[in-house]
Amino acid sequence: MTDRLQFKVDNHHDPLDYPSETFDGCFSFQAVWPFFKKEGLDLHAREMYRVLKPGARYACSEYLLTPFFDWDNEKHVALHRLILPTLAATQSMYPADVCAALERAGFRIVLVGAVEE
Ligand SMILES: C[S@@+](CC[C@H](N)C(=O)[O-])C[C@H]1O[C@@H](n2cnc3c(N)ncnc32)[C@H](O)[C@@H]1O
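The present account deals with the structure reproduced in this document. (Residues numbered from 1 in each chain as written. Predicted model: local features only at pLDDT ≥ 70, side-chain atom pairs only at ≥ 80, totals over all residues. Heavy atoms only, no water.)

## A few points about the side chain of Glu-47
Looking at where Glu-47 falls in the secondary structure, it is placed in helix 1 (residues 41-51). There is a polar contact of 2.6 Å between the side chain of Glu-47 and the backbone nitrogen of Leu-16. When residues no more than four places from it in sequence are discounted, the contact partners of Glu-47 are Pro-15 and Leu-16. (Helix = DSSP H or I, 4+ residues; strand = E, 2+ residues; numbered from the N terminus. Polar contact = N/O pair within 3.5 Å; in protein donor to acceptor, adjacent residues only side chain to side chain. Contact = heavy atoms within 4.5 Å.)

## Details of helix 1
Leu-41, His-44, Ala-45, Glu-47, Met-48 and Val-51 are the residues of helix 1 that are buried. Within helix 1, the buried residues cover an arc of 160° as seen down the axis, which keeps them to one side. (Buried < 20%, exposed > 50% of the residue type's maximum accessible area, 1.4 Å probe, protein only. Arc of directions from axis to C-beta.)

## Points about the pairing of strand 2 (residues 52-61)
In terms of strand pairing, strand 1 (residues 23-29) meets strand 2 through six bridges, oriented parallel. What sits directly across from Cys-26, in strand 2, is Tyr-58. One crossover worth recording links strand 1 to the parallel strand 2 by way of helix 1, and it is right-handed. (Pairing = 2+ DSSP bridges. Right-handed = clockwise from strand over helix to strand, strands pointing away.)

## Notes on the site of the ligand
Every residue near the ligand is listed here: Asp-10, Asn-11, His-12, His-13, Phe-29, Gln-30, Ala-31, Phe-35 and Leu-87. Between the ligand and His-12 there is a distance of 3.0 Å, counted from a nitrogen atom to a backbone nitrogen or oxygen. The separation between a nitrogen atom of the ligand and a polar main-chain atom of Phe-29 is 2.7 Å. Bound to the protein, the ligand loses 51% of the 590 Å² it would expose on its own. Here the residues of the shell around the ligand are counted per class, giving four nonpolar, four polar and one charged. (Near = heavy atom within 4 Å. Areas by Shrake-Rupley, 256 points an atom, 1.4 Å probe, with all protein chains shown as cover. Nonpolar A, V, L, I, M, F, W, Y, C, P; charged D, E, K, R; others polar.)

## Some details on the layout of surface pockets
Estimates place the volume of the largest pocket at around 1600 Å³. What lines the largest pocket is a set of 46 residues, and nearest its centre among them are Cys-60, Leu-64, Pro-95, Val-112 and Gly-113. A total of 10 residues in the lining of the largest pocket trace back to one element, the largest contributor, which is strand 2. Per-class residue counts for the lining of the largest pocket are 29 nonpolar, 10 polar and seven charged. Counted as a void, the second largest pocket has a volume near 810 Å³. What lines the second largest pocket is a set of 21 residues, among which Lys-8, Leu-16, Tyr-18, Phe-23 and Cys-26 lie closest to the centre. Residue assignment for the lining of the second largest pocket shows that the elements contributing at least two residues are strand 1 and helix 1. Grouping the constituent residues of the lining of the second largest pocket by class yields 12 nonpolar, six polar and three charged. (1 Å grid on protein atoms, 1.4 Å probe; cavity = no way out; pocket = protein on both sides within 12 Å on 5 of 7 lines; lining within 4 Å. Points joined across faces, edges and corners; volume = space filled by probe spheres on them.)

## Examining the packing of helix 1 against helix 3 (residues 95-105)
Two elements in contact, helix 1 and helix 3, have axes separated by 8 Å at closest approach and are oriented at 50°. In this view, helix 1 runs oblique relative to helix 3, as classed from their interaxial angle. Helix 1 and helix 3 meet at a crossing whose hand is right-handed. Side by side, helix 1 and helix 3 meet where Leu-41, Asp-42, Ala-45, Arg-46 and Tyr-49 of the first sit next to Asp-97, Val-98, Ala-101, Leu-102, Arg-104 and Ala-105 of the second. (Axes fitted to C-alpha atoms, helices over the stretch in contact; angles between N-to-C directions. Parallel < 35°, antiparallel > 145°, perpendicular 65-115°, else oblique. Left-handed = near helix turned anticlockwise from the far one by under 90°.)

Structure representation (structure tokens):
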């Protein structure tokens, strides 16, 4: 397996250091979208799309806000302030914003789900 796996440490706020159309697929687990401000979503989504081969799939499981989270609700905001550091996250995006950025980059969204209580 070691001949097929490579680990690379990099900063996902920089352009991805791979040629276009390199990968057959991509998966992220609580490692991408909780670190991007809304204005940074498009740039990274485009980079992901660029390094994937045509027809490749991207799947992720990421800490995102429930669509019911309300930034104008004091209780929501207080809870968010408590929880965010425990997630080692820096940002909180709505799934709709991430999906919209992915679609603008060229992805077609086939499934969006949420962890139920
Ligand atoms: C919640 S941890 C999840 C790690 C791993 N995916 C897992 O499930 O165990 C978030 C990870 O994102 C990484 N991370 C944070 N900011 C990053 C950045 N700018 N570029 C690359 N990775 C980053 C952190 O180093 C951390 O390893």
